[in-house]
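Report on the structure
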Amino acid sequence: MWADLSPVGRDDDSGGYRRYAWTAADTDCRAWFRAQAESRGLIYEVDRNGNQWAWQGDPLAGDAVVTGSHLDSVPDGGAFDGPLGVVSSFAALDELRRRGAEFTKPVAVTNFGDEEGARFGLACVGSRLAAGRLTAAEAHELRDADGVSLPRAMEAAGCDPSAIGPDPERLARIGAFVELHVEQGRALDVSGDPVGIASAIWPHGRWRFDFHGEANHAGTTRLEDRRDPMLTYAETVVAARREARLAGALATFAKIAVEPNGVNAIPSLVRGWLDSRAADQETLDRVIAGIEQAAHESATRWGIDLRIARESFTPVVEFEHALRDELAKLLGGGIPVLGTGAGHDAGILSASVPTAMLFVRNPTGISHSPAEYAAEDDCVAGVIALADVLEGLACT
């Protein structure tokens, strides 16, 4: 499975993946998922939001145990973020069949669409729609960099967008959702454990900062006469690092758009996107307030018009303690429990469905990069752990 999926959407120059939602690479990933489902005799379906499902047992029976993740990527992302969870889910189902496990509940493997948000700027679109965290009207307003709307992109990829929206009936049939994911840090490497259990997802969000200045000639305009928004942007980036460091949080400006974007032109507009995360809401609020204050002070100093908009936000997610404790029991105890600053579909679904997560060791701690890695032995340990969990939750 891993070998078949590995070449899809990989860029030859960077070595990273460009599997953006509803593009050709994403369509190939979806075809791979369907082939895996059908080769196992599973019931395959696509829900109203384009999420894929592969069912062992009756999809309508209720109290289902669902596992899976996503197949899309960030720009030049790694091979493991998302796909490891989907591949491991199919492999865990194979392991249960090898054991001769008798299923007392339906089990499903799922691929949630557009988890990374690389194309339309909003993460976890498929699961947000299903859980009612994103309305159909809001989804219709999403546009990519070329102005293509989400419904239009879905339709071009052969998926009917007419019914997108909340899917409470489907979620009501799920008794538990367990997502396996490569760890996006080094906690397991430090502890020496191949597999861990998630405790919570930090609150996190994305903010857009628009710095409006005045375009002018870079070679003739006196420094004293300039309204250069790049200065305010740069000072805000430094402030973000300072505020995050002082608070023990995280803040990153990693995406930028410049107009008119000429080497010899002072910009008229610099637009930067901030990603920030913290262990608790109070800390995150303090970091964002400090960054915004610094941005406003710099804008005043350099004569820049500043507009700030929060584009997405996810509050702290405490995974259901009873399910988390059940996972620890099924895995024999002694499994490390760790928090994460990364968002996941499991976090979005947690308000509607009991959810839990398993992490597989990442010795580099690197993620969202071609250097992302997990050793084969650890991946196998993750599959066995997931199979043990599914057996305990869905089999006699």
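Bringing the pairing of strand S6 (residues 195-201) into the picture now. Across the 7 residues of S6, 7 count as buried, placing the element largely inside the fold. Taken together, the 3 bridges between S6 and strand S14 (residues 337-340) define a ladder with parallel strand orientation. Across the sheet, residue Ile197 finds its bridge partner in S14, namely Val337. Inspection of the sheet shows S6 paired to strand S13 (residues 317-318) by 2 bridges, in the antiparallel sense. Each residue of the ladder has a partner; that of Ala200, found in S13, is Glu318.

Inspection of the secondary structure assignment puts Gly68 in strand S3 (residues 64-69). Setting aside its immediate chain neighbours within four residues, Gly68 contacts Gly85, Ser89, Thr110, Phe177, Val178, Glu179 and Leu180.

Turning to its location among the elements, Asp47 is positioned in the loop between strand S1 (43-46) and strand S2 (52-56). Here Asn51 takes part through its backbone nitrogen, which lies 2.9 Å from a polar atom of the side chain of Asp47. Other than its neighbours up to four places away in sequence, Asp47 contacts Trp53, Asp167 and Arg170.

The next point concerns the nonpolar core. The biggest cluster of nonpolar side chains holds 33 residues, and the ones touching the most others in it are Phe80, Leu84, Val178, Leu327, Leu358, Leu386 and Val389. Breaking this core down by element, the ones donating at least two residues are helix H3 (83-99), strand S5 (174-182), S6, helix H11 (321-330), strand S15 (355-360) and helix H13 (376-394). With residues near it in sequence (within four places) discarded, Val178 still touches Val66, Thr67, Gly68, Leu327, Ala356, Leu358, Leu386, Val389 and Leu393. With 24 residues, the next largest nonpolar core counts Ala64, Ile174, Phe319 and Ala346 among its residues.

With respect to the secondary-structure elements, Trp55 resides in strand S2. When its relative accessible area of 2% is taken as the criterion, Trp55 is described as buried. Distance in space between the C-alpha atoms of Trp55 and Asn261 is 50 Å, their sequence separation being 206 residues. Ignoring any residue separated from it by four or fewer positions in sequence, one finds Trp55 in contact with Leu42, Ile43, Glu45, Ala64, Pro106, Val107, Ala108 and Arg170. A polar contact of 2.7 Å, which involves the side chain of Trp55, links it to the side chain of Glu45.

Okay, the pattern of salt bridges next. Pairing of side chains with opposite charge becomes possible as their charged atoms draw close. Summed over the entire model, instances satisfying the criterion amount to 23 salt bridges. Taking the shortest distance from any N to any O, the salt bridge between Glu311 and Arg208 comes out at 2.9 Å. With Glu311 in strand S12 (residues 305-314) and Arg208 in strand S7 (residues 204-212), this residue pair connects regions lying 103 residues apart in the sequence. Judged by relative accessible area, which is 34%, Glu311 ranks as partly exposed.

To continue, consider the side chain of Arg170. Tracing the sequence through the fold places Arg170 in helix H7 (residues 168-172). Overall, the relative accessible area of 11% leaves Arg170 in the buried class. Looking at Arg170, its side chain comes within polar contact range of the side chain of Asp167, at 3.2 Å. Discounting residues that sit within four places of it in the chain, Arg170 has contacts with Glu45, Asp47, Trp53 and Trp55.

This part is about helix H2 (residues 24-39). The periodicity of an α-helix, 3.6 residues per turn, causes residues three or four places apart in sequence to face the same way. The terminal C-alpha atoms of H2, which comprises 16 residues, lie 22 Å apart, in line with the 22 Å expected from a rise of 1.5 Å per residue. Every buried residue of H2 is listed here: Ala25, Asp26, Cys29, Arg30, Trp32, Phe33, Gln36 and Ala37. Projection of H2 onto a plane perpendicular to its axis shows the buried side chains occupying an angular sector of 155 degrees, all on one side. Residues of H2 that are exposed and point more than 90 degrees away from the buried face comprise Ala24 and Ser39. Two residues or fewer past H2, Gly41 is found with a positive phi of approximately 70 degrees.

On to the packing of H3 against H13. Taken N-terminus to C-terminus, the directions of H3 and H13 make an angle of 60 degrees; their axes are 8 Å apart at the nearest point. Relative to H13, the element H3 is oriented oblique. Every pair of crossing elements has a handedness; the one defined by H3 and H13 is right-handed. Counting all contacts with H3, which are made through Leu84, Ser88, Ser89, Ala91, Ala92, Glu95, Leu96 and Arg99, the residues of H13 involved are Cys379, Val383, Ile384, Leu386, Ala387, Asp388, Leu390 and Glu391. Broken down by class, the residue content of the contact of H3 with H13 amounts to 10 nonpolar, 2 polar and 4 charged.

Counted under the stated rule, the structure contains 3 cavities of 30 Å³ or more. The wall of the largest cavity is formed by Trp22, Asn49, Gly113, Asp114, Val125, Gly126, Leu129, Leu150 and Met154. For the lining of the largest cavity, the secondary structure elements donating two or more residues are helix H4 (125-131) and helix H6 (150-156). Here the lining of the largest cavity gets 3 residues from one element, more than from any other, and that element is H4. When grouped by side-chain class, the residues that make up the lining of the largest cavity number 5 nonpolar, 3 polar and 1 charged.

So, on to the layout of surface pockets. Of the voids in this model, the second largest pocket is the one considered here, and its volume is about 240 Å³. Together, Met1, Trp2, Phe80, Leu84, Val87, Ser88, Ala91, Ala374, Glu376, Cys379, Val380 and Val383 line the second largest pocket. When residues of the lining of the second largest pocket are traced back to their parent elements, those giving at least two are H3 and H13. Broken down by class, the residue content of the lining of the second largest pocket amounts to 10 nonpolar, 1 polar and 1 charged.

What counts, and at which threshold
- Residues numbered from 1 in each chain as written.
- Predicted model: local features only at pLDDT ≥ 70, side-chain atom pairs only at ≥ 80, totals over all residues.
- Heavy atoms only, no water.
- Buried < 20%, exposed > 50% of the residue type's maximum accessible area, 1.4 Å probe, protein only.
- Helix = DSSP H or I, 4+ residues; strand = E, 2+ residues; numbered from the N terminus.
- Pairing = 2+ DSSP bridges.
- Contact = heavy atoms within 4.5 Å.
- Polar contact = N/O pair within 3.5 Å; in protein donor to acceptor, adjacent residues only side chain to side chain.
- Core = buried A, V, L, I, M, F, W, Y, C linked by side-chain atoms within 4.5 Å.
- Salt bridge = Lys/Arg side-chain N within 4 Å of Asp/Glu carboxyl O.
- Expected span 1.5 Å × (residues − 1).
- Arc of directions from axis to C-beta.
- Axes fitted to C-alpha atoms, helices over the stretch in contact; angles between N-to-C directions.
- Parallel < 35°, antiparallel > 145°, perpendicular 65-115°, else oblique.
- Left-handed = near helix turned anticlockwise from the far one by under 90°.
- Nonpolar A, V, L, I, M, F, W, Y, C, P; charged D, E, K, R; others polar.
- 1 Å grid on protein atoms, 1.4 Å probe; cavity = no way out; pocket = protein on both sides within 12 Å on 5 of 7 lines; lining within 4 Å.
- Points joined across faces, edges and corners; volume = space filled by probe spheres on them.

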